[in-house]
Structures are given as structure tokens and as C-alpha cells.
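# Observations on chain architecture
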Amino acid sequence: MTTTQTDRLVDDYLSRLEEAAAHLQRSRRVELIAEIREHIEAALREEEAGGEVAVRNVLERLGPPEEIVEAAEPAPEAEQRPRGKLEVGAMVTLVVPFIGWLFGIAMVLISKAWSNREKTIGTALALLAAAPFAALAIVDSSSEGTTSTFEVLLFALWVIGGLPSALYLGLRLRRAD
């Protein structure tokens, strides 16, 4: 194996090390990579045999880059999203027709338990439940006191309108664990 190919093995290893160390501050990451590079070079100078076998042996003795980074500086714990009365209240309130949707949306927006994307989807689901009422107002102005199937369906939607939003947010909250 040529020097270029052995250098490529070392470079690949150091690239994996840099990826594993992505959570470290830049200065610490650069320092760690430099330390490991020096260690590899020193170990290769001490190896009796040269070439690919020597490089692979040195890299194998070092171990996986992820373990080196973990030993140097453990990755930060995944951020725990708070979950409490506000989030439960938001999901329950979203099931209460109309005014509950408004309070539920407000509670969802101030909660720190859901990501911005989850808040947007949950809010959109709740607002979609309110949209047919604009259609009902238009249809109701043209009908004269009769109850149509359309109005019955809209009433049913009004009763369960916040349920998809509450279910979605509840599932996202469980997945955060």
C-alpha cells in the first residue's frame, strides 16, 4: 500500500473523529484532533512494519473515534423537555369547542415541551377545525330555518374539532421521552 493510501486511512479516521466531536467547542475539537494525529504519527514511527497493516493496527488500538470523544468530553445529555400541568391543560382545553381551542392554542404556544414545528402543526390542526364555521355562516345566511346534513356534519366537527390537535401534540409529547 502506498503512502497516499495509508494517509487516506488516517485522514478517514480523523474525519470520523471530527464528526464525533462536532458537539465540542471548536478550539477543543481542533486540540483533540491534533493530539490524536500526533499520537498516530508517534505510534507509526514505533511500528516495525510499515504500510497498511501498521496503520490499521494503530487505529484499531486507538479504538472508535466516538469512544475517544466520549472519554475526552462526554456529549451533553439530550435536552429534557418539561412536561406538566400546562401541557396536559393545553391538550384537554383543545378538545373543548371553540373558546377552548383559543385557550389551548395559547397554552401550546407558551409551552416549552413542544418544538416550534410541533406547535405550528398542532395550532394548524386546531385552526382547521374552526375554518368550516366560516362556511356555515355563508350557508346559514342562504337557508331558511332548515337543518341540512352539512350543518349536522359541521356541528359534529365543532364538537370534535380540537381532538386531532390534542392527539397529535399528546403523541409528540410521548415521543419526546
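Residues numbered from 1 in each chain as written. Predicted model: local features only at pLDDT ≥ 70, side-chain atom pairs only at ≥ 80, totals over all residues. Heavy atoms only, no water.

## Digging into the overall build of the chain
Which entries qualify depends on this criterion: Numbered from the N terminus, helices here are DSSP runs of H or I no shorter than four residues, and strands are runs of E no shorter than two. Residue exposure (1.4 Å probe, protein chains only): buried if accessible area is under 20% of the type maximum, exposed if over 50%, otherwise partly exposed. What makes two residues a contact is simply this: any of their non-hydrogen atoms within 4.5 Å. Per-residue and other accessible areas were derived by the Shrake-Rupley procedure at a 1.4 Å probe size, with only the shown protein chains allowed to occlude residues.
Within the chain, the secondary structure is distributed over ten helices and zero strands. Of the regular secondary structure in the chain, the N- to C-terminal order runs α-α-α-α-α-α-α-α-α-α. Burial analysis of the chain (177 residues in total) assigns 31% to the buried set. Within the chain, contacts between residues separated by at least 24 positions form 65% of all contacts whose residues are at least 6 apart in sequence. Here the chain has roughly 11700 Å² of accessible surface; of this, 59% comes from carbon and sulfur atoms.

## Side note on the side chain of Lys-119
Note the threshold: By the counting rule applied here, Lys and Arg register as positive and Asp and Glu as negative, while His and the ends of each chain are not counted. Each salt bridge in this description consists of a side-chain nitrogen of Lys or Arg and a carboxyl oxygen of Asp or Glu lying within 4 Å of one another.
With respect to the helices, strands and loops of the structure, Lys-119 is situated in helix H7 (residues 116-130). Here Lys-119 sits buried without a salt bridge, and the closest side chain of opposite charge, Glu-87, lies 8.1 Å off (N-O distance). Among all residues touching Lys-119, those that are not within four sequence positions of it are Val-108, Leu-109, Ser-111 and Trp-114.

## Regarding helix H10 (residues 163-175)
Using the following cut-off: To estimate how far a helix should reach, multiply one less than its number of residues by 1.5 Å.
Spanning 13 residues, H10 covers 18 Å between terminal C-alpha atoms, matching the ideal 18 Å at 1.5 Å per step. What H10 keeps buried is the set Ser-165, Ala-166, Tyr-168, Leu-169, Gly-170 and Leu-173.

## A look at the pattern of salt bridges
Tallied over the full model, the rule gives three salt bridges. Among the ionic pairs, Arg-28 bridges to Glu-31, the shortest N-O distance being 3.7 Å. Residue Arg-28 and its partner Glu-31 are located together in helix H2 (residues 26-46), separated by three residues, close to a single helical turn. The partly exposed category is assigned to Glu-31, whose relative accessible area is 41%. Of the charged contacts in the structure, one is a salt bridge between Glu-52 and Arg-56, with a shortest N-O distance of 2.5 Å. In this pair, Glu-52 and Arg-56 are both assigned in helix H3 (residues 52-62), four residues apart and thus about one turn of the helix distant. Glu-52 sits in the partly exposed class, given a relative accessible area of 28%.

## Re the packing of H2 against H3
Heads up, the rule is: Each axis is a line fitted through C-alpha atoms, taken for helices only over the stretch in contact, and angles between the N-to-C directions span 0 to 180 degrees. Throughout this description, any angle smaller than 35 degrees is read as roughly parallel, any larger than 145 degrees as roughly antiparallel, any in the 65 to 115 degree range as roughly perpendicular, and the remainder as oblique. Take the far helix as your reference; a near helix turned counterclockwise from it by less than a right angle gives a left-handed crossing, and one turned clockwise gives a right-handed crossing.
In contact at an axis separation of 10 Å, H2 and H3 are set at 130 degrees when each is read in the N-to-C sense. In terms of axis orientation, H2 runs oblique to H3. Crossing hand, H2 versus H3: right-handed. Contacts from Ile-36, His-39, Ile-40, Ala-43 and Leu-44 in H2 reach Ala-54, Val-55, Val-58, Leu-59, Arg-61 and Leu-62 in H3.

## A few points about the nonpolar core
Which entries qualify depends on this criterion: Think of a nonpolar core as a cluster: buried Ala, Val, Leu, Ile, Met, Phe, Trp, Tyr and Cys residues, connected wherever their side-chain atoms sit within 4.5 Å.
Counting residues in each nonpolar core, the largest one holds 18 residues, and the members touching the most others are Tyr-13, Leu-14, Leu-17, Ile-36 and Ile-40. If you list the elements that add at least two residues to this core, you get helix H1 (3-20), H2, H3 and helix H4 (65-72). Setting aside anything within four residues of it in sequence, one finds Tyr-13 in contact with Ile-36, Ile-40, Leu-59, Leu-62, Gly-63, Pro-64, Pro-65 and Ile-68.

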